[in-house]
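# Commentary on secondary and tertiary structure
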Amino acid sequence: MKIFEEIESEVQSYARSFPRVFNKAQGEYLYDTEGNQYLDFLAGAGTLNYGHNNPIFKKELLKYIESDGITHGLDLHTNAKGNFLNTFNDKILKPRNMDYMVQFTGPTGANAVETAMKLARKIKQRETIISFTNGYHGVTLGALASTGNQHHRGGAGMLLTGVDTLPYDGYMGDDIDTTAYLDKVLTDSSSGVDHPAAIIVETVQGEGGITAASFSWLQNIEKICKKHDILLIVDDIQAGCGRTGTFFSFDEVGIQPDIITMSKSLSGYGLPFAIVLFKPEHDIWKPGEHNGTFRGNNLAFVTAEAAINHYWSDDLFSKEVKRKGKYMYDRINKIIDQYGEGNFSSRGRGMFQGINCVSGELASKITKLAFKNGLMIETSGADDHVIKFLCPLTISDQNLKRGIDILEDAIETVCAKVKNFDEEVDYFDENYEVEEE
Ligand SMILES: *Cc1c(COP(=O)(O)O)cnc(C)c1O
């Protein structure tokens, strides 16, 4: 369709990887206007953990809309919000002995991150926050300062301040414990690293290339925070809501962050929704001090409540995610052994898995060919060199297998052609040509 080239900004990104016009979606399937069916292993970049148009949530949503329930409510107390809070408290917080306040922020992940950082600075009366290499926390200025990627940082057009970046788990190789370095620079009054208000961390880095931190590394981070009187912010926007196998990605790590950000799959339906959780003693906001018109997406409250009720009332869903995650891990490692020639690697958790192809060009050739064969899958990482598996957690076993089969075939084809020094391979008919940057 011409209109996208005519008046939609050059800033488009995913649309470039998947240059079709889509018009329908259900569960793990997406359809384009020509009737082609795709298996969706992108799932709204981790926003559709329960699949597209999940029928259970859709029923609740339609009922609510039909009854003229509140759609927009600023931060007014509404039935829908009260029901969400009750369910979230009973099914998520209480069973985990988590004593947290809930703040409704503007509906994007970046909004939640900005809120968390602002609150941490306000509590500790210190300016800086420590983030980690390859971290991704959004692209508004405050959040962007804590995001590693130069491509994104470059868009700021001004200094990104108030954040010091330190090495994430594994950044210096498997043998080096980067928490020792962190503790050292915080202990040494001459290190040049200012005493921060908070440390912000993803337990598994999503956009940074599907890198899971070890439990002991995360536990050390918490210890260091306590030792140096620093707040711990876990950004669970992508890793949370079941992606790693548990509702919070740190459920089995044994840490208690001071502040937690959530968004992406929180509404369950792809509706914009974000919250920040913090320990009650940190609730030092003055009324209305932090604000936002769209803090009350009541449609999202309805679907989020349905998601928690349906999937998180017991541990069956969690077990399913872990089982499927194990299958993905096994398949991915077999693929790596067979085609990676010692170069490829994987480092995810649960159904948050990736294949590090080392080369962005190679990863892109593989995902393009996979798309041609009916699998929608994206890359992430510094050079877009990691193939990122983000299929809905609700995917059937059969489709999970089929998606990985398509990817494996693509890897086999691309690796064979690369080996044959057949550099100018054209995998695509005209329609599929994507303009190279
Ligand atoms: C996507 C993401 C964000 C930003 O969320 P937006 O809704 O795009 O602003 C922040 N942190 C993490 C870990 C994310 O994956």
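Residues numbered from 1 in each chain as written. Predicted model: local features only at pLDDT ≥ 70, side-chain atom pairs only at ≥ 80, totals over all residues. Heavy atoms only, no water.

The protein chain goes by Diaminobutyrate--2-oxoglutarate transaminase in an unreviewed UniProt entry, where it is assigned to beta proteobacterium KB13. Recorded under Pathway (unreviewed entry), the UniProt text for the protein chain is reproduced unchanged: "Amine and polyamine biosynthesis; ectoine biosynthesis; L-ectoine from L-aspartate 4-semialdehyde: step 1/3." Annotation of the protein chain in UniProt includes, under Sequence similarities (unreviewed entry), the sentence "Belongs to the class-III pyridoxal-phosphate-dependent aminotransferase family." (UniProt positions renumbered as here; feature names shortened; annotations may be inferred.)

So, about the overall build of the protein chain. Each helix and strand in the protein chain was counted, giving 14 helices and 16 strands. Against the globule reference of 22 Å for 437 residues, the protein chain gives a C-alpha radius of gyration of 22 Å, in line with a compact fold. Dimensions of the protein chain along its principal axes, counting C-alpha atoms only, are 60 × 60 × 45 Å. Residues classed as buried in the protein chain amount to 53% of the 437 residues present. In the protein chain, the proportion of contacts linking residues at least 24 apart, taken out of those at least 6 apart, comes to 75%. Of the side-chain charges in the protein chain, 43 are positive and 62 negative, and the distance between the mean point of each set is 6 Å. (Helix = DSSP H or I, 4+ residues; strand = E, 2+ residues; numbered from the N terminus. Rg over C-alpha atoms; globule rule 2.2 N^0.38 Å. Buried < 20%, exposed > 50% of the residue type's maximum accessible area, 1.4 Å probe, protein only. Contact = heavy atoms within 4.5 Å. Lys, Arg positive; Asp, Glu negative; His and termini not counted. Charge placed at Lys NZ, Arg CZ, Asp CG, Glu CD.)

For the protein chain, the mean per-residue pLDDT works out to 94, and 96% of the residues sit at or above 70. Counted against residues more than four places away or in other chains, residues 422-437, with its pLDDT under 50, gives 23 contacts. (pLDDT = per-residue confidence, 0-100.)

One open sheet holds the four strands; their spatial order is 1-2-3-14, and the pairing between them is mixed. At either margin of the open sheet sits one strand with a lone partner, and together these are strand 1 (22-26) and strand 14 (375-376). (Pairing = 2+ DSSP bridges.)

Turning next to empty space enclosed by the protein. The tally for this structure, following the rule as stated, stands at one cavity of 30 Å³ or more. In this structure, the largest cavity occupies an estimated 30 Å³ of space. Along its surface, the largest cavity is lined by Phe104, Thr105, Pro107, Pro272, Phe273, Ala274, Phe294, Arg295 and Asn297. Across the lining of the largest cavity, the residue classes break down as six nonpolar, two polar and one charged. (1 Å grid on protein atoms, 1.4 Å probe; cavity = no way out; pocket = protein on both sides within 12 Å on 5 of 7 lines; lining within 4 Å. Points joined across faces, edges and corners; volume = space filled by probe spheres on them. Nonpolar A, V, L, I, M, F, W, Y, C, P; charged D, E, K, R; others polar.)

For the rest of this paragraph, the subject is the pattern of salt bridges. Going through the model one piece at a time under the given rule, you end up with 23 salt bridges. Arginine 295 is the salt-bridge partner of aspartate 75, the closest N and O atoms lying 3.5 Å from each other. Placement of the pair is aspartate 75 in the loop between helix 4 (55-66) and helix 5 (79-93) and arginine 295 in the loop between strand 12 (275-278) and helix 11 (298-311), with a sequence separation of 220 residues. Judged by its relative accessible area of 12%, arginine 295 falls in the buried class. Between aspartate 229 and lysine 124 there is a salt bridge, and its shortest N-O distance comes to 2.7 Å. Placement of aspartate 229 in the loop between helix 10 (215-227) and strand 10 (231-235) and of lysine 124 in helix 6 (residues 109-124) is noted, with a sequence separation of 105 residues between them. (Salt bridge = Lys/Arg side-chain N within 4 Å of Asp/Glu carboxyl O.)

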